[in-house]
Amino acid sequence: MVNQLSDAELEIMKIVWENPQEVTLFPYIMGGLAARGKPCQKNTLIVLLSRLMNKGFLSAKKIGRRNEYTTLVSATEYQTAQTKHFLDKIYEGSAKGLVSNLIMGDLLTDEEYDDLKQLLKKGKEQP
């Protein structure tokens, strides 16, 4: 099972996941946080990165005096695990309940509704 992330840890992982490079360096993460309006002290970021490694989201390889961080859990894997957890917790595992709530609660734009209909239709047509 994939561990849950705190808001601060998730912000860091979003930066790492969005990085087009295979490895992510500390200054890249610091810059990404600042660009998102969420600057972080160096020591705080070190602690958060350590937690992410302990939770199994990142690995670090020391190159000289710097660490190169690599993701161990993809954004899709995390989203899928969190969606399943949410479905189980709030909707007792019922995806239909979630979709019904999105539609009946008027939580989808017309475009999202049409896209969802198309996805459901395509999924049903596949063998």
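Because the structure is a prediction, the values reported are computed rather than measured.

1. Re the packing of aromatic side chains
Thinking step 1. Throughout the structure, instances matching the rule amount to 3 aromatic pairs.
Thinking step 2. Ring plane angle 35 degrees and centroid distance 5.9 Å describe the contact between tryptophan 17 and tyrosine 78, whose orientation is recorded as tilted. Of this pair, tryptophan 17 sits in helix H1 (residues 7–18) while tyrosine 78 sits in helix H4 (residues 75–91), and the two are 61 residues apart along the sequence.
Thinking step 3. Of the residues examined, tyrosine 78 reaches a relative accessible area of 7% and is grouped as buried.
Thinking step 4. A centroid spacing of 5.6 Å and a plane angle of 70 degrees characterise the contact between phenylalanine 57 and tyrosine 78, whose relative ring orientation is edge-to-face.

2. Description of the pattern of salt bridges
Thinking step 1. Counted under the stated rule, the structure contains 6 salt bridges.
Thinking step 2. Where glutamate 9 meets lysine 55, a salt bridge forms, and the shortest distance between an N and an O atom there is 2.7 Å. Placement of the pair is glutamate 9 in helix H1 and lysine 55 in the loop between helix H3 (42–54) and strand S2 (58–63), with a sequence separation of 46 residues.
Thinking step 3. In this structure, arginine 36 engages glutamate 11 in a salt bridge whose closest nitrogen and oxygen atoms are separated by 3.3 Å. One end of the pair, arginine 36, is in the loop between helix H2 (26–35) and H3; the other, glutamate 11, is in helix H1, with 25 residues separating them in the sequence.
Thinking step 4. Taking relative accessible area as the criterion, glutamate 11 reaches 13% and is therefore assigned buried.
Thinking step 5. Beyond isolated ion pairs, a larger network of salt bridges with shared partners links Glu11, Glu18, Arg36 and Lys38.

3. Focus: the pairing of strand S3 (residues 66–71)
In summary, the side chains of a regular strand alternate between the two faces of the sheet.
Thinking step 1. Here 2 bridges tie strand S1 (residues 24–25) to S3, and the two strands are oriented antiparallel to one another. Bridging across to S3, leucine 25 finds its partner in glutamate 68.
Thinking step 2. Pairing geometry for S2 and S3, over 6 bridges, is antiparallel. By the bridge assignment, lysine 61 is partnered in S3 with glutamate 68.
Thinking step 3. In this antiparallel pair of consecutive strands, S2 and S3, the connection spans 2 residues, and glycine 64 shows a positive phi of 65 degrees.

The rules we used
Residues numbered from 1 in each chain as written. Predicted model: local features only at pLDDT ≥ 70, side-chain atom pairs only at ≥ 80, totals over all residues. Heavy atoms only, no water. Phe/Tyr/Trp six-rings, centres within 6.5 Å; stacked < 30°, edge-to-face > 60°. Helix = DSSP H or I, 4+ residues; strand = E, 2+ residues; numbered from the N terminus. Buried < 20%, exposed > 50% of the residue type's maximum accessible area, 1.4 Å probe, protein only. Salt bridge = Lys/Arg side-chain N within 4 Å of Asp/Glu carboxyl O. Pairing = 2+ DSSP bridges.

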